[in-house]
Amino acid sequence: MLDGCERSVVVAPMAGGVSTTALVRAAAEAGTAGFLPAGYLTPEVVEGHLRELRDAGHPYGLNIFVPSGIAPDAAAVEAYRARLAPEAERYGVELPPLRLHDDDHFAAKVELAVAAAPAWVSFTFGIPDAAVVDALRRAGSTVLITVTDADEAGAAVAAGADAVVAQGGSAGGHSATTRPASYLGDRGTADLVREVRAAVSVPVVAAGGVGSATDVAGLLAAGATAVQVGTMFLLAAEAGTREAHRAALGSDGASTVVTRAFTGQPARGLRNRFTDTYSADAPIGYPAVHHLTAPIRAAAARAGDAGALHLWAGTAFGQARPGTCREILDRLG
């Protein structure tokens, strides 16, 4: 388990409103780490959430997106914009002009993290500079970096990470891969944990495909120090999961697919009309594609239409059951 946690399971950061401050607090009150996602939020909103969690008096984690080092192909994103015209017409929205560069206020969020010094700070989508990691460690935070192979794990440790999160292909939501063009989402989490354990000496937190206490025990037996779980908490009482998303998790015949259709970065979610129609055409280009599809997704959300929503979920989604955060943690062992 992570230092400061009483449990082997920690609650993953789920951006876009799912991981609320209430969920993070509930995880802490149940004896484990919950991670506040800073992704997509302005620094002012993140600062307010950090203040709220600090005032609650429990240890908590913060997750930050690392800006992509991959320059999007403007022509490919523009072609995808044209491809999405029928969706804009369907939902009565305007597609925005291309927004090719966006660092998600990375420097400001790191500055907030250094000042707040949460117990844990995790990064995804890349490896932050060693100076960033060093500043957080000197502030008193344990730094975790999410990786999808041994090479990324080595780079994370070289940057000073205290631990790595080994994210298997069965995990829901965005993959942290730094090689989106070749990512298939077919790496088993236990195999990845063993590979990463052989490559680095820091603790390894496993993530991906967890639906039961048996799954947790298997990953711990493979060498994981702790297991990060997200999908099982989509139905938590404290989560901000949209009702359409909650309902889709229980739909007959539901399955998951790895797609770039919504954001330009490989991500695993429930298969729906949008993934079927656009996955083959979606270019690599996070966050440019994310900004492009945002009005469509927002309109679909307002209409309660799951057909054009990003329904992030891991392969074990069928085992998700409603309950409080504590009840779900108890079920996972």
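Here goes a summary of the coordinates provided. Residue positions are given per chain, counted from 1 along the sequence in the order it is written. Where totals are concerned, whole chains, interfaces and linings use all residues; where local detail is concerned, this predicted model gives features only for residues with pLDDT of at least 70, and gives and counts side-chain atom pairs only at 80 or more. Just so you know, side-chain values use all the structure's heavy atoms and leave hydrogens and water out.

### Structural notes on the overall build of the chain
So, step 1. On a plain count of helices and strands, the chain comes out with 13 helices and eleven strands.
So, step 2. In this description the radius of gyration comes from C-alpha coordinates, and the expected globular size is given by 2.2 Å times residues to the power 0.38. Relative to a compact globule of 333 residues, whose C-alpha radius of gyration would be 20 Å, the chain shows 19 Å and is just as compact.
So, step 3. In terms of overall dimensions, the chain has a C-alpha envelope of 50 × 45 × 40 Å along the principal axes.
So, step 4. A buried classification covers 55% of the 333 residues belonging to the chain.
So, step 5. Excluding contacts between residues fewer than 6 apart, the proportion of contacts in the chain whose partners are at least 24 apart in sequence is 67%.
So, step 6. Note on areas: Shrake-Rupley, 1.4 Å probe, and residue coverage restricted to the protein chains presented here. A total of about 13100 Å² of accessible surface is found on the chain, and carbon and sulfur atoms cover 50% of it. In this text, helices come from DSSP runs of H or I with a minimum length of four residues, and strands from runs of E with a minimum of two, each type numbered from the N-terminal end. Using a 1.4 Å probe on the protein chains alone, a residue whose accessible area is under 20% of its type maximum counts as buried, one over 50% counts as exposed, and one in between counts as partly exposed. Contact between two residues is taken to exist if any of their heavy atoms lie within 4.5 Å; hydrogens are not considered.

### Thoughts on the pairing of strand E8 (residues 204-207)
So, step 1. Along E8, one buried face is formed by Val204 and Ala206 and the opposite face, lined by Val205 and Ala207, is buried too.
So, step 2. If DSSP finds at least two bridges between two strands, the strands pair. Summarising the sheet, strand E6 (residues 163-167) and E8 pair through four bridges and their orientation is parallel. Paired with Gln167 across the bridge in E8 is Ala207.
So, step 3. For E8 and strand E9 (residues 226-229), the ladder comprises three bridges, and the chain directions are parallel. What sits directly across from Ala207, in E9, is Gln228.

### Details of the nonpolar core
So, step 1. Take the buried Ala, Val, Leu, Ile, Met, Phe, Trp, Tyr and Cys residues and link them wherever side-chain atoms come within 4.5 Å; each set so joined is a nonpolar core. With 91 residues, the main nonpolar core has Ile64, Tyr80, Phe123, Phe233, Phe274 and Leu332 as its most contacted residues.
So, step 2. Tallying contributions element by element places helix H12 (residues 288-303) first for this core, with six residues.
So, step 3. Those residues in contact with Phe123, other than ones at most four positions away along the chain, are Asn63, Ile64, Val66, Phe106, Val110, Pro128, Val132, Leu136, Val143, Leu144, Ile145 and Thr146.
So, step 4. The next biggest cluster of nonpolar side chains, apart from the first, holds twelve residues, and it includes Leu2, Cys5, Ala163 and Ala207.

### Details of the pattern of salt bridges
So, step 1. What counts as a salt bridge is simple: a side-chain nitrogen of Lys or Arg found within 4 Å of a carboxyl oxygen of Asp or Glu. Across all of its chains, the model carries 17 salt bridges by this definition.
So, step 2. Across the salt bridge formed by Arg179 and Asp149, the nearest N and O atoms sit 2.6 Å from each other. With Arg179 in the loop between strand E7 (173-174) and helix H8 (189-199) and Asp149 in the loop between strand E5 (142-147) and helix H7 (150-158), the pair connects residues that are 30 residues apart, well separated along the chain.
So, step 3. Classification of Arg179 by relative accessible area gives partly exposed; the value is 36%.

### Description of the sheet that holds strand E2 (residues 35-37)
So, step 1. Taking strand neighbours across the sheet as the criterion, the eight strands line up as E1-E9-E8-E6-E5-E4-E3-E2 in an open arrangement whose pairing is parallel. The open sheet has two edge strands with one neighbour each: strand E1 (9-11) and E2. When the angles between neighbouring strand axes are averaged without regard to direction, this sheet yields 30°. Angles run from 0 to 180 degrees between N-to-C directions of axes, and those axes are lines fitted to C-alpha atoms, restricted for helices to the stretch in contact.

### What about the sheet that holds strand E10 (residues 256-259)?
So, step 1. Taken together, the three strands give an open sheet; going across it, the order is E7-E11-E10, and neighbouring strands pair in antiparallel fashion. Each end of this open sheet is capped by a strand with a single partner; those strands are E7 and E10.
So, step 2. Here E7 runs beside strand E11 (residues 267-270); their pairing, made up of two bridges, is antiparallel. Its bridge partner being in E11, Gly173 is matched across the sheet by Arg268.

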